[in-house]
Amino acid sequence: MEKLIITAAICGAEVTKEHNPNVPYTVEEIVEQAYGAYIEGASIIHLHVREDDGTPTQSKERFKICMDAIKEKCPDVIVQPSTGGAVGMTNEERLQPTELHPEMATLDCGTLNFGGDEVFTNTENTIKEFGEKMIERGVKPELECFDKSMIEMAVRLNKKGFIKSPMHFSFVMGVNGGIGGDLRDFLFLRDSLPCGSTYSVAGLGRFEFSLAAAAIISGGHVRVGFEDNIYLEKGVLAESNGVLVAKVVRIAKELGRQIATPAEARAILGL
Ligand code: KMH
Ligand code: ZN
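What counts, and at which threshold
- Residues numbered from 1 in each chain as written.
- Chains lettered and ligands numbered in written order.
- Predicted model: local features only at pLDDT ≥ 70, side-chain atom pairs only at ≥ 80, totals over all residues.
- Heavy atoms only, no water.
- Axes fitted to C-alpha atoms, helices over the stretch in contact; angles between N-to-C directions.
- Helix = DSSP H or I, 4+ residues; strand = E, 2+ residues; numbered from the N terminus.
- Parallel < 35°, antiparallel > 145°, perpendicular 65-115°, else oblique.
- Left-handed = near helix turned anticlockwise from the far one by under 90°.
- Contact = heavy atoms within 4.5 Å.
- Pairing = 2+ DSSP bridges.
- Buried < 20%, exposed > 50% of the residue type's maximum accessible area, 1.4 Å probe, protein only.
- Donors = N, O, S within 2.8 Å, 3.2 Å for Na, K, Ca; no water.
- Near = heavy atom within 4 Å.
- Polar contact = N/O pair within 3.5 Å; in protein donor to acceptor, adjacent residues only side chain to side chain.
- Areas by Shrake-Rupley, 256 points an atom, 1.4 Å probe, with all protein chains shown as cover.
- Nonpolar A, V, L, I, M, F, W, Y, C, P; charged D, E, K, R; others polar.
- Salt bridge = Lys/Arg side-chain N within 4 Å of Asp/Glu carboxyl O.

Asker: Run through the packing of helix α6 (residues 183-190) against helix α7 (residues 208-218), naming residues and quoting values.
Answerer: It is the contact of α6 with α7, at a shortest axis distance of 10 Å, that shows an interaxial angle of 40 degrees. By the angle between their directions, the pair α6 and α7 is classed as oblique. Of the two possible hands of crossing, α6 and α7 adopt the one that is right-handed. On α7, the residues that touch Leu183, Phe186 and Arg190 of α6 are Leu211, Ala214, Ala215 and Ser218.

See below:
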């Protein structure tokens with residue numbers, strides 16, 4: 001089996017210090033969390049950035065400062081900015097980090113309810129626009145799928161030339177408004193993938209580690225981090241993203257799966 005790529009989603013746009021005081025906002029805090037995840041075995045940092053007060057932003061300048069600072073501390077890590085940003089941002093705002101030509105960025109493959117009255121909007125034309133921009137800017141998309149229909153959208157837009165092959169998917173599972181986080185949900189998504197694609201699994205909250213184990217034994221890859229889950233175990237807040245990554249490394253070792261370095265992750269993903 002291929003080595004395991006671990007992605008650390010260190011910050012997200014929604015989780016706050018009120019949820020877990022270790023959620024990073026400042027550049028220094030973001031670098032500290034990225035470095036902690038990297039030394040424990042993460043080869044990809046999925047990055048959202050914040051203003052110092054915690055407000056989510058897609059500012060190109062803020063991304064550049066954070067990406068440069070992360071690269072200084074973790075020179076070979078793959079930094080994968082979000083183009084999802086936060087609910088309500090314009091497409092223009094959301095696309096800003098791709099102007100920095102990162103190796104990868106997320107591309108969200110459909111619209112979903114996002115709690116209360118919030119809707120995370122990704123129309124077909126938005127997905128086409130983001131796909132085209134990523135091809136133009138040499139950025140490999142991680143295709144974020146919150147439900148099965150989003151895989152079908154990605155496959156269709158791949159055939160039409162808006163997304164290049166081989167495709168790399170991320171199943172984000174257990175979001176209220178998206179697919180659940182049970183094993184049968186995972187198998188449904190996995191079995192819906194086109195041949196030759198790779199995938200990573202991000203389980204929200206209590207689904208984080210059970211879905212990580214499912215991905216590990218199935219040849220998939222894993223995403224963990226404060227964006228998805230703030231607990232190390234039931235009722236115990238995680239003191240860092242690093243401890244969440246370390247837990248995945250322990251599970252993988254017990255199950256006989258080796259961890260990919262950033263260089264190995266690049267080879268697996270064709271970066
Ligand atoms: N914050 C969510 C609205 C992504 O990074 O591409 C979108 C999100 C997805 O987190
Ligand atoms: Zn994200």
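Asker: Let's hear about the sheet that holds strand β5 (residues 78-81): which residues, and what values?
Answerer: Read across the sheet, eight strands follow the order β5-β2-β1-β12-β11-β10-β9-β6 without closing on themselves; strand pairing throughout is parallel. Only two strands of the sheet have a single partner each, and these edge strands are β5 and β6 (104-108). For this sheet, the mean angle separating the axes of adjacent strands, direction not counted, is 25 degrees. Alignment of strand β1 (residues 6-9) against strand β12 (residues 221-224), held across three bridges, turns out to be parallel. Its bridge partner being in β12, Ala8 is matched across the sheet by Val224. Against the sheet, helix α4 (residues 124-136) touches β6 and β9 (140-145), its axis set at about 165 degrees to β6.

Asker: Would you mind going over α7 in detail, with residue names and values included?
Answerer: Looking at α7, one finds that the buried residues are Glu208, Phe209, Leu211, Ala212, Ala214, Ala215 and Ile216. Looking at the packing, one finds that the buried side of α7 touches β10 (168-173), α6, β11 (198-203), β12, β13 (231-233) and α8 (241-254). Looking at the residues trailing α7, positive phi occurs at Gly219, about 90 degrees.

Asker: Can you break down the side chain of Ser200 residue by residue, with the values?
Answerer: Note that Ser200 resides in strand β11. Sequence-distant contacts of Ser200, defined by excluding residues within four places in its chain, comprise His168, Phe169, Ser170, Phe171, His221, Val222 and Arg223.

Asker: Give a detailed account of the coordination of the zinc ion (ligand 2), specifying residues and quantitative values.
Answerer: His46 (NE2), His48 (NE2) and Glu227 (OE) make up the full set of protein donors to the zinc ion (ligand 2), lying at 2.1 Å. Here the donor residues for the zinc ion (ligand 2) map to a single chain with the spacing H-x1-H-x178-E. Given the relative accessible area of 1%, His46 is considered buried. Among the residues examined, His48 registers a relative accessible area of 4% and is labelled buried.

Asker: Can you lay out the site of ligand 1 for me, pointing to particular residues and giving the numbers?
Answerer: Around ligand 1 sit 14 residues, and of these Glu14, Ser82, Gly85, Thr106 and Asp108 come closest. For ligand 1, an oxygen atom lies 2.7 Å from a polar atom in the side chain of Thr106. Contact with the protein chains removes 98% of the 300 Å² of surface that ligand 1 exposes when unbound. Looking at the shell around ligand 1 residue by residue, the class counts come to four nonpolar, six polar and four charged.

Asker: For unusual backbone geometry, give the residues involved together with the corresponding values.
Answerer: In this chain, Ser165 is followed by Pro166 through a cis amide linkage whose omega measures -10 degrees. With respect to the helices and strands, Pro166 occurs in the loop between α5 (148-159) and β10. In the Ramachandran plot, His101 falls in the positive-phi region, its phi being about 55 degrees despite a non-glycine side chain. Considering the arrangement of structural elements, one finds His101 in the loop between α3 (91-95) and β6.

Asker: A description of the pattern of salt bridges should follow, citing residues and the corresponding values.
Answerer: Enumeration according to the criterion identifies 15 salt bridges in this entry. Ionic pairing is found between Glu29 and Lys17, a salt bridge with its closest N-O pair at 3.2 Å. You can see Glu29 sitting in helix α1 (residues 27-40) and its partner Lys17 sitting in the loop between β1 and α1, a full twelve residues away along the chain. Under the relative-accessibility criterion, Glu29 is labelled partly exposed at 25%. Residues Lys148 and Glu152 are paired through a salt bridge, measuring 2.3 Å at the closest nitrogen-oxygen approach. With Lys148 and Glu152 both in helix α5 and four residues apart, this pair spans about one turn of that helix. Linked by salt bridges that have partners in common, Glu144, Arg223, Glu227 and Asp228 make up one network.

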